[in-house]
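Observations on chain architecture
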Amino acid sequence: MVYGVIRNFQAALKYRGGWKGLLEHMYTNGDYPFKFGTYMGCDAAGNRYYENRVDYPFGQHRWVEPGDIHNFDSASIPPEWHGWMTSMNDTPPHAEEDYIGERKQNI
């Protein structure tokens, strides 16, 4: 068990870019620092969106890391990303924009 915790800690240090990134993540999100996911995109405010459907239950599998860690407000999430965060849409907004762009070229 101790070996697994040490391995997770080492992976978190690598994933977050060192001690500073790990401590900043623990301070801003208040989550267990070993939360890993796939980067899905970012918005104009610098918020970064992640998803992990394998390790987390429904409702906790999508999260946002704020661009401005000291002045974050949930109202700063744009409507298109809010729809993705609450599972109203399965595709992130950048994938929808790519699809619309492809269809416009075919017209």
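All residue numbers here refer to positions counted from 1 along the written sequence of the relevant chain. Local features in this predicted model are restricted to residues whose pLDDT is 70 or higher, and side-chain atom pairs enter the listing and the counts only when it is 80 or higher, whereas totals over whole chains, interfaces and linings include all residues. Computation of side-chain values: all heavy atoms of the structure, hydrogens and water removed.

Attention now goes to the overall build of the chain. For helices the rule is a DSSP run of H or I covering at least 4 residues; for strands it is a run of E covering at least 2, with both sets numbered from the N terminus onward. For the chain, the helix and strand inventory stands at four helices and three strands. Along the chain, helices and strands appear, N-terminal first, in the series α-α-β-β-β-α-α. Going through the 107 residues of the chain one by one, you find that 30% of them count as buried. Here, two residues are considered to be in contact whenever any of their heavy atoms come within 4.5 Å of each other. For the chain, contacts bridging at least 24 residues in sequence account for 33% of all contacts bridging at least 6. Only the protein chains shown count as cover for residues, and all accessible areas are computed by the Shrake-Rupley method using a 1.4 Å probe. A total accessible area of about 7,500 Å² is found for the chain, and carbon and sulfur atoms account for 57% of it. Buried, partly exposed and exposed residues are distinguished by accessible area as a fraction of the type maximum, computed with a 1.4 Å probe on protein chains only: under 20%, between the cut-offs, and over 50%, respectively.

It is worth spelling out the pattern of salt bridges at this point. Any Lys or Arg side-chain nitrogen found within 4 Å of a carboxyl oxygen on Asp or Glu counts as a salt bridge. Scanning the entire structure with this criterion turns up three salt bridges. The residue Glu 65 makes a salt bridge to Arg 48 at a minimum N-O spacing of 3.5 Å. Residue Glu 65 is located in strand 3 (residues 62-65), and its partner Arg 48 is located in strand 2 (residues 48-51); the two are separated by 17 residues in the primary sequence. Taking the shortest distance from any N to any O, the salt bridge between Arg 62 and Glu 51 comes out at 3.0 Å. Of this pair, Arg 62 sits in strand 3 while Glu 51 sits in strand 2; the two residues are eleven residues apart in sequence, bridging distant segments of the chain. Both residues of the pair, Arg 62 and Glu 51, belong to the buried class. Overlapping salt bridges, with partners in common, bring together Glu 51, Arg 53 and Arg 62 in one network.

Attention now goes to the packing of aromatic side chains. A pair of Phe, Tyr and Trp rings is counted when the ring centres sit within 6.5 Å of each other, with Trp represented by its six-membered ring. The angle between the planes then sorts it: under 30 degrees is stacked, over 60 is edge-to-face, the rest tilted. Scanning the entire structure with this criterion turns up five aromatic pairs. Measuring from ring centre to ring centre gives 5.7 Å for Tyr 39 and Tyr 50, while their planes differ by 65°; the resulting arrangement is edge-to-face. Note that Tyr 39 is positioned in strand 1 (residues 38-42) and Tyr 50 in strand 2, a separation of eleven residues in sequence. Accessibility expressed as a relative area gives 10% for Tyr 50, which makes it buried. Relative to Trp 84, the ring of Trp 81 has its centre 5.5 Å away and its plane inclined at 85°; by these criteria the two rings are edge-to-face. Placement of both Trp 81 and Trp 84 in helix 3 (residues 79-85) is noted, with a separation of three residues, approximately one turn of the helix. Accessibility classification places Trp 81 together with Trp 84 in one group, the buried group.

Another point: the pairing of strand 1. Strand pairing is assigned whenever DSSP detects at least two bridges linking the two strands. Here strand 1 pairs with strand 2 via four bridges, running antiparallel. Counted as the bridge partner of Gly 41 is Tyr 49 from strand 2.

Read from one edge of the open sheet, three strands run 1-2-3, paired in antiparallel fashion. What marks the edges here is a single partner per strand, and that holds for strand 1 and strand 3. Averaged over all pairs of adjacent strands, the angle between strand axes in this sheet comes to 30°, irrespective of strand direction. Axis definition: a line fitted to C-alpha atoms, limited for helices to the stretch in contact. Angles are taken between N-to-C directions and run from 0 to 180 degrees.

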